[in-house]
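# Survey of secondary and tertiary structure
Residues per chain are reported as follows:
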Amino acid sequence: MLAHVAQQAPLEACGLLAGRNDRVEKVILVRNQAQSPARFVMDPYEQLQAFDWIESHGLELIGIFHSHPTGPDTASATDIAEAAYQVVYIIWSRNQHDWQVRGFWIEDDNATEIALEIGE
Ligand SMILES: [Zn+2]
């Protein structure tokens, strides 16, 4: 994920996290159709393909990630307004050269930070 996020900068990068029981088993990179440094729109065809892949592998969509190459380290008002799934929203943000990652649960127009366990 980080390699993709860093490579796409200064454009926002995005993708899906598939897994089971809150454990990520597969990161699926999705093209940012907006090709924007301040916004992401998942390419609908790639997103559909990703959903098919997840289903055919018996996994569930458990997270959506995107980056804020120059933006805040929290979910933006747009992110909250556009959050359409009951999944963890992962946001990569850049502070000078260092990337950091935070996770949020978005519900009822509120973003609540959740702890991420980053393993192997
Ligand atoms: Zn965002």
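Refer to the preceding data block for the structure.
Below is a short write-up of the structure. In this text the structure is predicted, and so the values were computed from the model without any measurement. (Residues numbered from 1 in each chain as written. Predicted model: local features only at pLDDT ≥ 70, side-chain atom pairs only at ≥ 80, totals over all residues. Heavy atoms only, no water.)

A separate point is the coordination of the zinc ion. Around the zinc ion, the protein contributes the donor atoms H66 (NE2), H68 (NE2), D79 (OD) and D79 (OD), at 2.0 to 2.4 Å from the metal centre. The site at the zinc ion holds four donor atoms, and with the angles between them running 57 to 156 degrees, its shape is irregular. In terms of primary sequence, the donors binding the zinc ion are separated according to H-x1-H-x10-D. (Donors = N, O, S within 2.8 Å, 3.2 Å for Na, K, Ca; no water. Tetrahedral: all angles 85-135°; square planar, octahedral: opposite > 155°, others 65-115°.)

A separate point is the pattern of salt bridges. This model, assessed by the stated rule, comprises five salt bridges. Ionic pairing is found between R20 and E25, a salt bridge with its closest N-O pair at 3.2 Å. What makes R20 partly exposed here is its relative accessible area of 39%. Among the residues examined, E25 registers a relative accessible area of 44% and is labelled partly exposed. The residue R31 makes a salt bridge to D43 at a minimum N-O spacing of 3.7 Å. Taken together, the residues R31 in the loop between β2 (23–30) and α2 (44–56) and D43 in the loop between β2 and α2 connect sequence positions twelve residues apart. You can call R31 partly exposed: its relative accessible area is 38%. Classification of D43 by relative accessible area gives buried; the value is 12%. In this structure, a network of salt bridges that share partners links the residues D73, R102 and E113. (Salt bridge = Lys/Arg side-chain N within 4 Å of Asp/Glu carboxyl O. Buried < 20%, exposed > 50% of the residue type's maximum accessible area, 1.4 Å probe, protein only. Helix = DSSP H or I, 4+ residues; strand = E, 2+ residues; numbered from the N terminus.)

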